[in-house]
Amino acid sequence: MIIQKKRVNKVDKYIERMGNTEEFYVCVKNNVENREILKRKGICTEISSGTEFVPAPVGPVTLFNASGKGLVRNDLEKEPRTIEHDFHITDWHGQDHYGTCYQTRMCFPIERILPPCEKMIVEDTVIRSEVLEKRETKRIKHIINIFLEIFGMCEVVDVNFEPISSRIIRRVPWTILPPGKYPWDKAKTHLKKYFENVPESRRMTIKRRHKILSEYAPDFLAIGEESFKGYIVYGYTERNIYCFESDEPNNATYIFKGKWEAASKLTKRDIISGNLCYKRLIHTQNWERYISRIMME
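Reading the values: the criteria
Residues numbered from 1 in each chain as written. Predicted model: local features only at pLDDT ≥ 70, side-chain atom pairs only at ≥ 80, totals over all residues. Heavy atoms only, no water. Helix = DSSP H or I, 4+ residues; strand = E, 2+ residues; numbered from the N terminus. Buried < 20%, exposed > 50% of the residue type's maximum accessible area, 1.4 Å probe, protein only. Contact = heavy atoms within 4.5 Å. Pairing = 2+ DSSP bridges. Axes fitted to C-alpha atoms, helices over the stretch in contact; angles between N-to-C directions.

A. Spotlight on the overall build of the chain. Helices and strands together make up the secondary structure of the chain, namely ten helices and 17 strands. Projected onto its principal axes, the C-alpha positions of the chain cover 110 × 45 × 35 Å. Each of the 297 residues in the chain was classed as buried or not, and the buried ones make up 39%. Residue pairs in contact within the chain that sit at least 24 positions apart in sequence constitute 63% of those at least 6 positions apart.

In structure tokens form, the structure reads like this:
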């Protein structure tokens, strides 16, 4: 999972994509470009495998990480505070006078927040954070922003340095079945509950349409949930075709071309309107012939 932006304000969506991964690193590649960034910005001059360092400040995030900050507590009563500053005056003879003066003022208290002092660790192939856990949301956000401030990007990997992107969980109202071929004998097993909810008076007709779609060897099957209940998606990834089939009367089959990630983000209104789909096939006596033509394109 690669993050490439100036700053993140929330990390919930990144944590959600980690699936069952509980521990992970934030990192960048240990390559010439990233080593040069560390040297050029004066963050670390000795970059060899095993080196651990707190990044020198190059912006507000790394400054807080290294030095902490003061939080003005304007919710508390003011208190006297003595402030010192330099002065320079010139007398009437034109002589310069320098010194330090002290003034006492009533100010809100300042709470000192200690620096996190998060480290970067140099490995043979990556420059990484210390190990992180999903529950540490504030720490995760802080460390991601350290990497973004320094490198402009970062990657999230598990503790075995495997990318997490392959385990993205999509919050879409579909039950996505494991990838593989779905001939009718296999598909109807997964769709048993779906057909049980179809009115008996239309069950054979609806089953026939699903059987025809399964005969074209879909390798992707998704069952609609929530607002998409009653929809099944047959995916033919080699053809780049996704068929949205509905059990609703007087409906149609909606054919989309493109990746499933794009199709899965469609709303039910998008589907029914038909404006975004490749083809909208009304359930008529010609339906099977039209399906055949599309599959043979």
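B. Geometry of the pairing of strand β5 (residues 79-90). As paired elements, β5 and strand β6 (residues 96-107) share twelve bridges and run antiparallel to each other. Bridge pairing in β6 places T82 opposite T104. Once β5 ends, the chain turns through five residues before running back antiparallel as β6, passing G94 with a positive phi of about 85°.

C. Main features of the sheet that holds strand β12 (residues 174-176). The strand order across the open sheet formed by six strands is β12-β13-β14-β15-β16-β17, and the pairing between neighbours is antiparallel. On the outer flanks of this sheet lie β12 and β17 (279-282), each paired with one strand and no other. Pairs of neighbouring strands in the sheet enclose a mean axial angle of 20°, with direction left out of account. As paired strands, strand β13 (residues 220-224) and strand β14 (residues 231-236) are joined by four bridges and run antiparallel to one another. Counted as the bridge partner of A222 is V233 from β14. The sheet strands contacting helix α7 (residues 200-214) are β14 and β15 (241-246), and the helix crosses β14 at an angle near 15°. In the packing of helix α10 (residues 287-295) onto the sheet, the strands contacted are β14, β15, β16 (252-257) and β17, and the crossing angle to β17 comes to about 155°.

D. Layout of the pairing of β13. Within β13, five of the five residues are buried, which leaves the element mostly enclosed by the surrounding structure. Going residue by residue along β13, you find F220, A222 and G224 tucked away on one face and L221 and I223 tucked away on the opposite face as well.

Keep in mind that these numbers describe shape and distance, not what the molecule does.
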